[in-house]
Amino acid sequence: MNEWVGVLGLRAPTFPDLVAAAAAGLILLAAGALAILAGRWLGPRIATWWERQAGVHGEGIASRMCDLTRYLTFAALVGLGLQSDRWPLPAALLLGLPLALAVALAVRELLRGLQMPRWVATLLAGIAFIAVVANALGGLAALGALLDGIGFTLGSNHFSLLGLVEIGVALLILLAAIRLASRFINQSIKRSPRLDATQQLLAQKLAGVALLTAAFFLGIDILGIDLTALAVFSGALGLAVGFGLQKTFGNLIAGIILLMDRSIKPGDVVTVGETFGWVNKIGVRAVSVVTRDGQEHLIPNENLMTQEVVNWSFSSPDVRIHIPVGVAYDCDLALAQKLMMEAVTTSPRILAAPEPRVLLREFGERWIEHDIRVWIADPAEGVGNIRSEILNRLWVLFKENGIEIPLPHRDIRIREWPGAPEPPRDQG
């Protein structure tokens, strides 16, 4: 505390203080120059390595890597200089403030790159700034004692502002570490050549559950919480799971089962009730199904386990489409069937094997009914559009060759017309 008094101007700086301040200034200049060089030369290389190891989906660390390298290099060099000697107060303050600012900026950039909320990044950066400045001035222990004195004692437990800050910082740092570790684990699983897309998704979800469990027990150990104190809480949690969170855990288990038996996987074309589309994502709670209209339906995992689901691409992506066509009785039937095959073979989406077929179904009341059967390998691109394409082409061919699609004819017999004169009666 005596050194802090000098900061208020109660003691004039001596010649050794000025020499130390000049040395501190030289350290700052050298550290700044090296930090700029490191940011320009080393930053892009680290960013490339990060993109390869952790991916770039939804995070912004790679774009901030040059700034992070600059701040961390400056902080490391100034920190080494600060710890290399017992500096007088003016020099310690001259080194401590830039060091604290660099650490705070590095913390903020790192947390924002991990998609942490802005207020969390700003709060932790402010705490880091205060802690580094206090440590540089030799007052970190005094600051800790001051915060520990603000609180109260309940039984054998002491609750203070210092403990609250430690708990909050530990939880936020643990959350950031979970996100960072999850990013590396997911990217490592994606790069595995021995796992297909479904197995990769299952491994990522199981790794996420294991990571959260490990983080939970690690947080308890860091905070020094006795596990026996969680007995009542675990009982309450069990009741909450049994009643309020039953659907949530049911959907979680259903999602894991869907991934394990591979009955539904990302990319499959499915029909659930009135919803037709392809599976975009299998989440913890629901499956995302994107329709041809661009609408994204979130269907609970349990519904896919209990309801009837049509999976158009479960064992094979090939799908057969039926296109009913009727022609008049007095037309050239062989020509009509030839034109149907011609309309089918002109479509690039129709598979050659299995080959398309034209079958005569029955002699109907109005026309001769045919069934055009074709196979496609891309149902995700739509089924109705391929029917429309073939029927439009067939309409042109029928018109060019005189094949008639008959209209329905009905005979109407009127037994009595309202307002008509009554027939004459026989007078004999």
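Below you will find a few notes about this structure. (Residues numbered from 1 in each chain as written. Predicted model: local features only at pLDDT ≥ 70, side-chain atom pairs only at ≥ 80, totals over all residues. Heavy atoms only, no water.)

1. Details of the overall build of the chain
A count of helices and strands for the chain gives 13 helices and 10 strands. Relative to its 428 residues, the chain shows a buried fraction of 32%. In the chain, 65% of the contacts between residues at least 6 apart in sequence involve partners at least 24 apart. Only carbon and sulfur atoms are counted for the fraction: they give 63% of the accessible area of the chain, which is about 26,700 Å². (Helix = DSSP H or I, 4+ residues; strand = E, 2+ residues; numbered from the N terminus. Buried < 20%, exposed > 50% of the residue type's maximum accessible area, 1.4 Å probe, protein only. Contact = heavy atoms within 4.5 Å. Areas by Shrake-Rupley, 256 points an atom, 1.4 Å probe, with all protein chains shown as cover.)

2. Concerning the side chain of Asn311
Secondary-structure assignment places Asn311 in strand 7 (residues 309-311). A distance of 3.1 Å separates the side chain of Asn311 from the side chain of Asp268, its partner in a polar contact. Setting aside its immediate chain neighbours within four residues, Asn311 contacts Ser263, Ile264, Asp268, Val269 and Val270. (Polar contact = N/O pair within 3.5 Å; in protein donor to acceptor, adjacent residues only side chain to side chain.)

3. Points about the sheet that holds strand 7
Strands sit in the order 6-5-4-3-7 across an open sheet of five strands; the sheet is antiparallel. Edge positions in the sheet fall to strand 6 (296-300) and strand 7, since each of these pairs with one other strand and no more. Recorded for the sheet is a direction-independent mean angle of 40 degrees between the axes of neighbouring strands. Taken together, the five bridges between strand 5 (residues 286-291) and strand 6 define a ladder with antiparallel strand orientation. Looking at strand 6, one finds that Val289 is bridged to His297. (Pairing = 2+ DSSP bridges. Axes fitted to C-alpha atoms, helices over the stretch in contact; angles between N-to-C directions.)

4. A look at the packing of helix 4 (residues 89-113) against helix 5 (residues 118-136)
Interaxial distance between helix 4 and helix 5 falls to 8 Å at its minimum, and their mutual angle equals 160 degrees. Put simply, helix 4 runs roughly antiparallel to helix 5. The crossing of helix 4 and helix 5 is right-handed. For the pair formed by helix 4 and helix 5, the contact residues are Ala92, Gly96, Leu97, Leu99, Ala100, Leu101, Val103, Ala104, Val107, Arg108, Leu111 and Arg112 on the first element and Arg118, Val120, Ala121, Thr122, Leu124, Ala125, Ala128, Phe129, Val132, Val133 and Ala136 on the second. Per-class residue counts for the contact of helix 4 with helix 5 are 18 nonpolar, two polar and three charged. (Parallel < 35°, antiparallel > 145°, perpendicular 65-115°, else oblique. Left-handed = near helix turned anticlockwise from the far one by under 90°. Nonpolar A, V, L, I, M, F, W, Y, C, P; charged D, E, K, R; others polar.)

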